[in-house]
Amino acid sequence: MSFCFRDVPSIYIPQARFLASAMRAGELPLWADGIGTGYPFQADPHSMLFYPLSPILWLQPFVRAYN
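Since the structure is predicted, the reported quantities are computational estimates derived from the model, not experimental observations.

(A) Just the overall build of the protein, in detail. Of the regular secondary structure elements, the protein holds three helices and two strands. Each helix and strand of the protein, placed in order from N terminus to C terminus, yields the pattern α-β-β-α-α. Whereas a compact globule of 67 residues would reach a radius of gyration of roughly 11 Å, the protein reaches 12 Å, a difference of no more than 12%. Its C-alpha atoms give the protein principal-axis dimensions of about 35 × 25 × 20 Å. The buried share of the protein, reckoned over its 67 residues, is 21%. Pairs at least 24 residues apart make up 35% of the contacts formed inside the protein by residues separated by at least 6 positions. Taking the average place of the 4 positive charges on the side chains of the protein and the average place of its 4 negative ones, the gap between the two points comes to 13 Å.

(B) Spatial organisation of the side chain of S47. Considering the arrangement of structural elements, one finds S47 in the loop between β2 (39–40) and α2 (54–58). Owing to a relative accessible area of 7%, S47 belongs among the buried residues under this scheme.

(C) Here's a closer look at unusual backbone geometry. A positive phi angle is found at M48, which is not glycine, with a value near 55°. Relative to the helices and strands, M48 resides in the loop between β2 and α2.

(D) Highlighting the nonpolar core. Counting six residues, the largest nonpolar core consists of L19, A32, I35, Y39, F41 and L49. Apart from residues lying up to four places away in sequence, L19 is in contact with P29, F41, S47, L49 and W58.

(E) The arrangement of the packing of aromatic side chains in detail. Tallied over the full model, the rule gives two aromatic pairs. Where F18 meets F41, the ring centres are 5.0 Å apart and the plane angle is 70°; that geometry is what we call edge-to-face. Of the two residues, F18 sits in helix α1 (residues 4–24) while F41 sits in the loop between β2 and α2, which places them 23 residues apart along the sequence. An angle of 50° between the planes, with centres 6.2 Å apart, marks the rings of Y39 and F41 as tilted. In this structure, Y39 and F41 share a single accessibility class: buried. Taken together, F18, Y39 and F41 form an aromatic cluster joined through their ring pairs.

What counts, and at which threshold
- Residues numbered from 1 in each chain as written.
- Predicted model: local features only at pLDDT ≥ 70, side-chain atom pairs only at ≥ 80, totals over all residues.
- Heavy atoms only, no water.
- Helix = DSSP H or I, 4+ residues; strand = E, 2+ residues; numbered from the N terminus.
- Rg over C-alpha atoms; globule rule 2.2 N^0.38 Å.
- Buried < 20%, exposed > 50% of the residue type's maximum accessible area, 1.4 Å probe, protein only.
- Contact = heavy atoms within 4.5 Å.
- Lys, Arg positive; Asp, Glu negative; His and termini not counted.
- Charge placed at Lys NZ, Arg CZ, Asp CG, Glu CD.
- Core = buried A, V, L, I, M, F, W, Y, C linked by side-chain atoms within 4.5 Å.
- Phe/Tyr/Trp six-rings, centres within 6.5 Å; stacked < 30°, edge-to-face > 60°.

The following block contains the structure:
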């Protein structure tokens, strides 16, 4: 069974949008309170906040960078 149709729209796309909006606002996203009941966004390895290539993806439009 693939979790693509469940996890991508409910977890990964909201994470990517939250990160993009925080970066546009000039904030370091420490806590994501709008996803679920909230969780430490900076400590989550799926957020890829400190991944070396992430700044290159942040400069792209959302759909292109996500793909």
